[in-house]
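Fold and contact review
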Amino acid sequence: MNENAKSMGIIESRTFNLAVDNIDTDQIIPGKFLTTTEREGLGQFCFYSWRFNEDGSEKPDNPLRQHQPGRQRVLVAGSNFGCGSSREHAPWALLDYGFQAVISSRFADIFCNNSLKNGLLPIVVDDNVLEHLLANPDHAVRIDIGNRRLTLDGYGDVGFPLDPFSAYCLTRGIDQLDFILQNEQAILDYEKSA
Amino acid sequence: MSEPSQAASTLFEKVWKRHLVRNETPETPAILYIDLQLLHEVTSPQAFDELKRRGLGVRRPECCLATIDHSTPTSPPDADGTRHYITEQARAQVDVLHVNCAEHGIELHGWDSPNRGIVHVMGPEMGATQPGMTIVCGDSHTATHGAFGALAFGIGTTEVGHVLATQCLLQNMPKTLGIRIEGDLEPGVTAKDVILHVISAIGVDGGTGSVIEYHGSTVRAMDMESRMTMCNMSIECGARAGMVAPDEFTFEYLKGRPMSPSGANWERAVDEWKKLKTDPGAAFDRLVEIDAADIEPSVTWGTNPGMVIAVGSPVPDRQDPGTLDALEYMQLKGGVKLAGEAVDVVFIGSCTNSRLTDLRAAASVMKGRKVAQGTRVLIVAGSEATRRQAEAEGNFKGRQGSGVRTVLASPLTAAASAITGKVTDPREFLGGAA
Ligand code: SF4
């Protein structure tokens, strides 16, 4: 089973904020790291140009320095997150960096699809909820994937859209490949009859 | 025409049904069995990596065919055999594909193969692409193979891994879009003009969520290369795939190819393939009818392939933001003709137009004429086999490059524009030099 997708029925976590609109896939993972032949370990390149100078030294104002890995597994970002060129490396990098879900008021379509395929949950909320989260860093949140509810401690809870198959996979802690593998018998039957 | 009946199916429905491992449910998509996966070096490394991470093997290596085509330099190697890759990482991708294919027993057409080429040119040339197959590749132009009556999808790296591990692909049932084109094409009008016309007729999102079937007398009269060009560009209007029912042209093309069935198997295969057509009375979810007589040599004037005009017509003079942005980018004025605009570089190639017939068409216009001063012509054959043949015929030698403000057009229009150094209607040049 895919580790990233393991027991994703409920996510309880603190949030980490990047209060910037239009964070594109090139900011999530710069193009120069795309030709890698592995997907493991891409977290080290996540938000690279926010964190590091050209020469590899850390930027003094690196906003990711505030991030508490393990405790803050939900990223809150400005509108239109994941715009720009389509690359599955973006969700891979975010997952490897330690995020399980991203909350924003709008996501680029392709980013959304790529994320769901890979077990990263994009959650769309309205502007008020986003503003509240951005104004309250390190917010305690609870995400109930099966019921498509996001609960903000001390604020209330809101629904979010999620297609049936993504919910099916995320609540079972499986990903798409696991789902196909579970149908091994049907595949064997098909091969026999073909 | 007869009434639509329950039993009548479209070509797409027949291929779809034959490959269903499990039907879709409200919660889960259909599981579709895949007959052939084409692999190349860019979208496959992470897929192999994921397999390794999960301890999975390749389910049916004999259903995979690999080539190197994206990161590979088009310039010849040095005398000592050194090849100049654009980056070291490009070289690494090529090396990794070699390792992965060797490890999993997958047939790879590498540097030393006489068949190496753009996957979508090589598959048909080798006879790997056959009617009724389901074919996938980690490249958006996989729809090309639909020209043979195959159902061919472009997929992402994650799905490349799914198919390697399980030989299956998850799909929601697409809608069917019939595009019927009837009548004879005017001289100088090619498949590229037809598909540009179709895209402008239905819009760049007119095919979204659909599989297109091109049919009608115009399509029946087209050679395989023309059908491939049309299917290839299906994705430019958002369609998932494009298909043409196989017929005598298809069988003729496939006969004797290295991977085509042979002997008694050939007859049996052709009998099966003949059943792969839309039954009379079968209904498409949507049908668009196009009169071939309305199609002229076409060019794109803007920034997406739906922005198409006949080469002699003025570009649109509209005030909507989309039009204004595109005009500004292309440095054009609304209402002014594109024909006559200076052209710096003419490129004939890519998986859409790098087949022998494309190169021959261009050569028929260029024969006995010179490229205009100040205009550069770049021609890249789609495969080693095509390059050898084109060179043997004395047509071309070329290498790759790219333009900035791009006008999409047919090889004929491109060749005519190369001669004048301006966007040019190829009909001025039909029939060779005076
Ligand atoms: S030639 Fe075709 S397959 Fe190759 S990159 Fe261009 S569009 Fe893709």
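These lines cover the structure that appears in this document, whether it is placed above or below. Worth saying up front: this structure is predicted, and the values here are computed from it rather than measured.

1. So, the interface of chain B and chain A
Between chain B and chain A, the contact holds 32 residues from the first and 32 residues from the second. Across the interface of chain B and chain A, roughly 2900 Å² is buried in total on both sides, 57% from carbon and sulfur atoms. Looking only at chain B, the three residues that lose the most surface to chain A are Gln46, Arg53 and Arg54 of chain B, adding up to 21% of its buried area. Across the pair Glu159 of chain B and Lys117 of chain A runs a salt bridge whose closest N-O atoms are separated by 3.6 Å. Inspection of the region where chain B meets chain A yields 11 residue pairs in polar contact (both at pLDDT 80 or more). If you list the elements that add at least two residues to the side of chain B that touches chain A, you get strand E1 (20-22), strand E2 (30-33), helix H2 (45-54), helix H3 (88-104), helix H5 (157-166) and strand E8 (168-171) of chain B. Residues of the side of chain B that touches chain A, tallied by class, amount to 12 nonpolar, 10 polar and 10 charged.

2. Looking at the pairing of strand E6 (residues 149-152) of chain A
Residues and elements named next belong to chain A. Because side chains alternate across E6, one face comprises the buried residues Leu150 and Leu152, and the other comprises Arg149 and Thr151, none of which is buried. Looking at chain direction, E6 and strand E7 (residues 156-159) are connected through 4 bridges and run antiparallel. Paired with Arg149 across the strands is Gly159, a residue of E7. Between E6 and E7, which follow one another and run antiparallel, lie 3 residues, and Gly154 among them has a positive phi close to 75 degrees.

3. Some details on the environment of Glu328 of chain B
Residues and elements named next belong to chain B. By secondary structure assignment, the location of Glu328 is in helix H11 (residues 321-330). Exposure remark for Glu328: the relative accessible area of 63% places this residue in the exposed category. The spatial distance from the C-alpha of Glu328 to the C-alpha of Gly302 is 9.1 Å, given a sequence separation of 26 residues.

4. Things to note about the sheet that holds strand E11 (residues 241-243) of chain B
All names here are of chain B. In space, the 4 strands of this open sheet follow the order E11-E10-E9-E12, with parallel pairing throughout. This sheet does not close on itself; its edge strands, each paired only once, are E11 and strand E12 (286-291). Taking each pair of neighbouring strands and ignoring which way they run, the sheet shows an average axis angle of 20 degrees.

5. Section: the packing of helix H12 (residues 356-366) of chain B against helix H14 (residues 411-420) of chain B
Residues and elements named next belong to chain B. Here H12 crosses H14 at 35 degrees, and the two axes come no closer than 8 Å. H14 is crossed by H12, and the crossing has right-handed handedness. Contact with H12, carried on its side by Asp358, Ala361, Ala362, Ser364, Val365 and Met366, involves Pro411, Leu412, Ala415, Ala416, Ala418 and Ile419 of H14 and no other residues of that element. Grouping the amino acids of the contact of H12 with H14 by side-chain chemistry returns 10 nonpolar, 1 polar and 1 charged.

6. Description of the pattern of salt bridges
Per the counting criterion, the structure on display carries 25 salt bridges over all chains. A salt bridge links Glu191 of chain A to Arg59 of chain B, with the shortest nitrogen-to-oxygen separation between them at 2.9 Å. In this pair, Glu191 of chain A sits in helix H8 (residues 184-193) while Arg59 of chain B sits in the loop between H2 and strand E4 (64-67), so the two residues belong to two different chains. One connected set of salt bridges, linked through shared partners, spans Asp175 and Asp178 of chain A together with Glu50, Arg53 and Arg54 of chain B.

Parameters and conventions
- Residues numbered from 1 in each chain as written.
- Chains lettered and ligands numbered in written order.
- Predicted model: local features only at pLDDT ≥ 70, side-chain atom pairs only at ≥ 80, totals over all residues.
- Heavy atoms only, no water.
- Contact = heavy atoms within 4.5 Å.
- Buried area = accessible area lost by both parts, 1.4 Å probe.
- Salt bridge = Lys/Arg side-chain N within 4 Å of Asp/Glu carboxyl O.
- Polar contact = N/O pair within 3.5 Å; in protein donor to acceptor, adjacent residues only side chain to side chain.
- Helix = DSSP H or I, 4+ residues; strand = E, 2+ residues; numbered from the N terminus.
- Nonpolar A, V, L, I, M, F, W, Y, C, P; charged D, E, K, R; others polar.
- Buried < 20%, exposed > 50% of the residue type's maximum accessible area, 1.4 Å probe, protein only.
- Pairing = 2+ DSSP bridges.
- Axes fitted to C-alpha atoms, helices over the stretch in contact; angles between N-to-C directions.
- Left-handed = near helix turned anticlockwise from the far one by under 90°.

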